[in-house]
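Coordinates in review
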Amino acid sequence: MDFETLLQYTISGITLYEWGVTLLTWIGVSIGLIILRALLHRYVKRVTDRTETTKDDVVTELLASVRPYVMVLIAFYIAVRVHDVTERMNVIAGRALLIGVMLQLGHWGGSLIRLWADSYRRRLQDQDSEPNLAAVNAIAFLGRVALWTVALMVILDNFGVDITALVAGLGVGGIAVALAVQNILGDLFAYVSILFDRPFSLGDLLIVGEFVGNVEQIGIKTTRLRSLSGEQLIFSNSDLLSSRIRNYKRMYERRIVFSIGVTYQTKKAQLEAIPVMIREIIEGLEDVRFDRSHFKTFGNFSLDFETVYYVTKPEFALYMDRQQSINLALFERFAESGIEFAYPTQTLFVEHTATDADASASAGPGPSPAA
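The following refers to the structure shown. In this text, all values refer to a predicted model and were calculated from it rather than measured experimentally.

**Some details on the pattern of salt bridges**
- For the structure shown, the criterion picks out 11 salt bridges.
- Ionic pairing is found between Asp 204 and Arg 250, a salt bridge with its closest N-O pair at 3.6 Å. In this pair, Asp 204 sits in the loop between α8 (182-197) and β3 (205-208) while Arg 250 sits in the loop between β7 (245-247) and β8 (254-262), placing the two residues 46 residues apart along the sequence.
- On the basis of relative accessibility, which here comes to 3%, the residue Asp 204 falls in the buried class.

**A look at the sheet that holds β8**
- Judged by pairing direction, the sheet is antiparallel, and its three strands sit side by side in the order β8-β10-β9 without closing on themselves. Either end of the sheet is taken by a strand with one partner, and the two such strands are β8 and β9 (288-298). Within the sheet, the average angular offset between the axes of one strand and its neighbour, ignoring direction, is 20°.
- Its contacts with the sheet put helix α11 (residues 316-337) on β8, β9 and β10 (303-311), and the angle it makes with β8 is roughly 25°.

**Considering the pairing of strand β5 (residues 222-227)**
- The side-chain alternation of β5 yields one buried face, formed by Thr 223, Leu 225 and Ser 227, and one unburied face, formed by Thr 222, Arg 224 and Arg 226.
- With five bridges connecting them, strand β4 (residues 211-218) and β5 associate as antiparallel partners. By the bridge assignment, Gln 217 is partnered in β5 with Arg 224.
- Between β4 and β5, which pair antiparallel and follow one another directly, the connecting turn spans three residues.
- Two strands pair when backbone bridges link them, and β5 and strand β6 (residues 232-236) are joined in this way by five bridges, in the antiparallel orientation. By the bridge assignment, Thr 222 is partnered in β6 with Ser 236.

**Digging into the packing of helix α10 (residues 268-283) against α11**
- Put simply, α10 and α11 touch, their axes get as near as 10 Å, and they point 145° apart. Crossing handedness for the pair α10 and α11: right-handed. Within the contact between the two elements, α10 uses Gln 270, Ile 274, Met 277, Ile 278, Glu 280, Ile 281 and Ile 282 and α11 uses Ile 326, Ala 329, Leu 330, Arg 333, Phe 334 and Ser 337.
- Counted by class, the contact of α10 with α11 contains nine nonpolar, two polar and two charged residues.

**A word on the nonpolar core**
- Of all hydrophobic cores here, the largest spans 23 residues; its most connected members are Ile 260, Val 262, Ile 274, Tyr 309, Leu 330 and Phe 334.
- Every element with two or more residues in this core is listed here: β8, α10, β9, β10 and α11.
- Not counting residues up to four positions away in its chain, the partners in contact with Ile 260 are Ile 274, Ile 278, Leu 303, Asp 304, Phe 305, Leu 330 and Phe 334.
- Counting 11 residues, the second-largest nonpolar core is a separate cluster that includes Tyr 191, Ile 194, Phe 200 and Val 208.

**What about the sheet that holds β7?**
- Sheet architecture is open: five strands sit in the order β6-β5-β4-β3-β7, paired in antiparallel fashion. With partners counted over all chains shown, the strands left at the sheet margins are β6 and β7, one partner each. Direction aside, the axes of adjacent strands within the sheet are offset by 40° on average.
- Bridge count for β3 against β7 is three bridges, and the pairing is antiparallel. Paired with Val 208 across the bridge in β7 is Ile 245.

**Structural notes on a nonpolar patch on the surface**
- On the surface, a cluster of nonpolar side chains totalling about 570 Å² of accessible area is made up of Leu 23, Leu 24, Ile 27, Ile 31, Ile 35 and Leu 39.
- Inspection of the secondary structure puts Leu 23 in helix α2 (residues 16-48).
- The exposure class assigned to Leu 23 is partly exposed, which follows from its relative accessible area of 44%.

**Observations concerning the packing of aromatic side chains**
- According to the stated counting rule, one finds nine aromatic pairs in the structure shown.
- Centroid distance Phe 211 to Phe 235: 6.0 Å. Interplanar angle 70°. Geometry classified as edge-to-face. Of the two residues, Phe 211 is situated in strand β4 and Phe 235 in strand β6; the sequence distance between them amounts to 24 residues.
- Their ring planes at 15° and their centres at 6.4 Å tell us that Phe 331 and Phe 341 sit as a pair that is stacked. In this pair, Phe 331 sits in helix α11 while Phe 341 sits in the loop between α11 and α12 (356-363), placing the two residues 10 residues apart along the sequence.
- Its end group placed over the ring of Tyr 310, Arg 289 keeps NZ or CZ at 4.5 Å from the ring centre.

Calculation notes
- Residues numbered from 1 in each chain as written.
- Predicted model: local features only at pLDDT ≥ 70, side-chain atom pairs only at ≥ 80, totals over all residues.
- Heavy atoms only, no water.
- Salt bridge = Lys/Arg side-chain N within 4 Å of Asp/Glu carboxyl O.
- Helix = DSSP H or I, 4+ residues; strand = E, 2+ residues; numbered from the N terminus.
- Buried < 20%, exposed > 50% of the residue type's maximum accessible area, 1.4 Å probe, protein only.
- Pairing = 2+ DSSP bridges.
- Axes fitted to C-alpha atoms, helices over the stretch in contact; angles between N-to-C directions.
- Contact = heavy atoms within 4.5 Å.
- Left-handed = near helix turned anticlockwise from the far one by under 90°.
- Nonpolar A, V, L, I, M, F, W, Y, C, P; charged D, E, K, R; others polar.
- Core = buried A, V, L, I, M, F, W, Y, C linked by side-chain atoms within 4.5 Å.
- Patch = residues over 30% accessible without salt bridge, like charges linked within 9 Å, V, L, I, M, F, W, Y side chains within 5 Å.
- Areas by Shrake-Rupley, 256 points an atom, 1.4 Å probe, with all protein chains shown as cover.
- Phe/Tyr/Trp six-rings, centres within 6.5 Å; stacked < 30°, edge-to-face > 60°.
- Lys NZ or Arg CZ within 6 Å of the ring centre and 35° of its normal.

Encoded structure:
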């Protein structure tokens with residue numbers, strides 16, 4: 001048998017010559033796609049390295065995650081479709097292409113999840129938030145599992161596997177599990193909300209209802225605070241997020257309102273001088289900003305003044321230091337000006353009524369009425 005006769009030998013109705021041409025096309029397109037991917041990745045990386053932003057690095061990462069076997073499957077589909085070998089080969093090539101596309105989408109999705117997780121980890125590390133690092137890793141893992149599960153379902157469905165019953169079974173089972181552990185799932189979703197919304201972080205001083213404490217640990221189910229008196233306060237995440245939280249760590253400055261009272265015997269000129277005196281004292285201090293000071297009201301036993309000022313830093317100790325300085329200066333200035341602080345007093349007015357004896361005494365000596 002000569003060579004030309006051998007080329008005309010048929011397999012599945014296709015000559016060896018046609019099989020050979022298809023094989024060469026497959027190999028050639030595969031090599032071409034791999035080379036094209038390498039050149040394109042090198043060019044894009046060279047361009048993105050010149051920029052300072054990290055968003056364009058996503059393109060480089062996606063090109064780097066293109067798998068060679070995916071391009072081989074794409075080349076196989078192109079070769080079979082171009083030469084139209086057999087209907088059976090067309091079906092095989094189509095399914096192979098679907099597998100390749102789904103696998104590549106899975107790799108791309110995994111790369112995007114990894115890029116997000118790396119970016120979030122860097123931000124958390126800058127804030128020394130180690131517990132949230134574990135949560136990011138867990139969320140990234142669950143995201144990859146969900147992604148590959150969907151890809152597997154699509155592949156199985158394309159191969160004729162009936163996944164309806166499987167999906168229904170998973171749905172019913174998921175509902176049953178969710179009902180059984182709904183409280184745990186509520187705390188888990190609340191934890192995810194805390195992770196992304198970040199209403200508070202480790203070390204923040206919170207007031208939750210009547211409780212006050214610093215955030216000590218943010219867990220998957222509970223968040224723990226260390227109270228000012230030393231004991232540990234434990235809140236479930238769902239209860240914590242449904243409460244009204246006051247975060248004093250996020251405070252930029254403090255607004256302070258305080259009142260003083262002076263006696264009713266204070267003269268008008270002295271009353272007029274008190275707001276000016278308070279303003280001079282406050283403006284002479286560092287890290288404070290004066291707002292107002294007024295003679296506010298006539299109290300039960302005092303003439304009341306109200307003053308408002310701001311401490312430009314949130315530290316409680318700094319606020320107490322400044323308030324102490326104001327109080328001491330007011331005490332000294334009032335003493336110099338003869339102004340007295342008021343304290344609870346009562347003035348008792350006694351009305352004197354004349355008695356018969358007093359009337360007789362006031363009449364003086366003389367004959368008695370009986371005489």
